[in-house]
Every structure is written in C-alpha cells, then in structure tokens.
Amino acid sequence: MTIDPPAPEAAPQPQPTPPARRHLWTALVIGWALLLVVLAVWSARNDPPSLRDQTTAASAKATIDEVVGQVTAQAPAGATIQDKGYAEKGCSLSAARDGVSLVRTLIVSGPVGGESAMIEALAAALPDAVTRPADGPKEGFYYDAGNYVAARGKVSGEGLVTVDLSSGCRVP
C-alpha cells in the first residue's frame, strides 16, 4: 500500500477591502485637508503679525500718531511741543527686499530745572512706561507702544525733553 502525500492546500485569497472602508479613508483624508486649508486661511486673516517685517509703515504711522496724541495731551502746563515730523530712512528687510524705517521726534520745552517733572508727566500719559533711573530725578523713559513701535524720552538740554518714536524696518 502506498500513501499519497496530501494535496497542497490553496493559500487563502485576501479579502478585498469593503467599499465602505475605502470611502471612509477617502472622506477622512479629504476632511483633514479641508480643515487645514480653512485653518490656514483663518490664521492668515486673523492672527496678529509675529514679526515687525509683517507690518507696514502705514500701520506704524497710525500707532505713532496715537502715542503723539497721548503725549501732547499730557504735556505739563506752560510746556511747548515742537513736532519734527517723520524722518524716513531706507533699510533692508532681507537680501532681496527693501524696507523703510520711521522716526518721529517731539521736542518738549519748559522751564529750566523742570526736566524731571516733564519726564514724569509724559511717562504718566503712557501706560506701563518705564522711567529711569528708578529712584531720584528722572532722566528718561521707555514705552512699548505695541505694533513694534518704541517711544523713548530723554532730557536733551536745559528745559528740553526729546521724545523719539521709532518703528524699525518695515514694509513700505
């Protein structure tokens, strides 16, 4: 008697993915891509700039004008303000892109010996302005006006305080 070897078994065929599962994955990928596009568009329109280079000179001028209004409103009685206007200077944002830097200077003049009081009065007009030195007669102040605009005030002579508002390099 001879024993025949067992017949080879056929390998089981892989079951095709049901159509519902294929459509589910397609829907998930399309939904994810759509969500990313919607969030990117929303972010581009609503998020504030994270770099000074992402803002324009016009937006800096608006911020500077607002601070000038605050400073002139708080000028001590008897003080006169001379506005030197805007000084624009070309600058380089990157190797391929030029920008413009803005500086607006105010000169506040008052009685000789009252410079420290003028510094204190002008700094009081600006919330969170930091005066220096911390103790004793004030010689200057610094204020971050937002929108990447800085205001710096300093005693520049007898009875004179100079306030410089600068924007840094921006898109024209």
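Residues numbered from 1 in each chain as written. Predicted model: local features only at pLDDT ≥ 70, side-chain atom pairs only at ≥ 80, totals over all residues. Heavy atoms only, no water.

Asker: Quick one: what's the story with the overall build of the protein chain, residue by residue and with numbers?
Answerer: Check the secondary structure of the protein chain and you find three helices and six strands. Counting from the amino terminus, the protein chain carries its helices and strands in the arrangement α-α-β-β-α-β-β-β-β. Against the 2.2 N^0.38 benchmark of 16 Å for 172 residues, the protein chain shows a C-alpha radius of gyration of 33 Å, more extended than a compact globule. Its C-alpha atoms give the protein chain principal-axis dimensions of roughly 130 × 35 × 30 Å. Buried positions account for 26% of the 172 residues belonging to the protein chain. Residue pairs at least 24 apart in sequence account for 57% of intrachain contacts in the protein chain once pairs closer than 6 positions are excluded. The protein chain carries 14 positive and 17 negative side-chain charges, and their two centres are separated by 6 Å. (Helix = DSSP H or I, 4+ residues; strand = E, 2+ residues; numbered from the N terminus. Rg over C-alpha atoms; globule rule 2.2 N^0.38 Å. Buried < 20%, exposed > 50% of the residue type's maximum accessible area, 1.4 Å probe, protein only. Contact = heavy atoms within 4.5 Å. Lys, Arg positive; Asp, Glu negative; His and termini not counted. Charge placed at Lys NZ, Arg CZ, Asp CG, Glu CD.)

Asker: Kindly report on the state of the cysteines, identifying the contributing residues and their values.
Answerer: Here the structure, examined in full by the defined rule, presents one disulfide. Between the sulfur atoms of Cys91 and its disulfide partner Cys169 the distance amounts to 1.9 Å. Negative torsions about the S-S bond denote left-handed disulfides, and the value of about 95° found for Cys91 with Cys169 makes this one right-handed. A residue pair is termed long-range when its members are at least 10 positions apart, and Cys91 in strand S1 (residues 80-94) and Cys169 in strand S6 (residues 160-170) qualify at 78 residues. Of the residues examined, Cys169 reaches a relative accessible area of 12% and is grouped as buried. (Disulfide = S-S within 2.5 Å.)

Asker: Any details on helix H3 (residues 115-124)? Residues and values, ideally.
Answerer: What H3 keeps buried is the set Glu115, Ser116, Met118, Ile119, Leu122 and Ala123. Taken down its axis, H3 places every buried residue within 160° of arc, on the same side. In this structure, the buried side of H3 is in contact with helix H2 (57-73), strand S2 (97-109), strand S3 (130-132), strand S4 (140-146), strand S5 (149-157) and S6. (Arc of directions from axis to C-beta.)

Asker: Before we move on, can you summarise a nonpolar patch on the surface with the specific residues and values?
Answerer: A cluster of nonpolar side chains, namely Trp32, Leu35, Leu36 and Leu39, defines an oily patch on the protein surface of about 420 Å² accessible area. Topologically, Leu35 is positioned in helix H1 (residues 19-46). (Patch = residues over 30% accessible without salt bridge, like charges linked within 9 Å, V, L, I, M, F, W, Y side chains within 5 Å. Areas by Shrake-Rupley, 256 points an atom, 1.4 Å probe, with all protein chains shown as cover. Salt bridge = Lys/Arg side-chain N within 4 Å of Asp/Glu carboxyl O.)

Asker: Give a description of the pairing of S2 that names residues and reports values.
Answerer: Summarising the sheet, S1 and S2 pair through 12 bridges and their orientation is antiparallel. Within the sheet, the bridge partner assigned to Thr80 lies in S2 and is Ser109. Hairpin connection from S1 to S2: two residues lie between these consecutive antiparallel strands. Here 10 bridges tie S2 to S6, and the two strands are oriented antiparallel to one another. The partner of Val103 across the bridge, within S6, is Ser166. (Pairing = 2+ DSSP bridges.)

Just distances and angles here, no functional claims.
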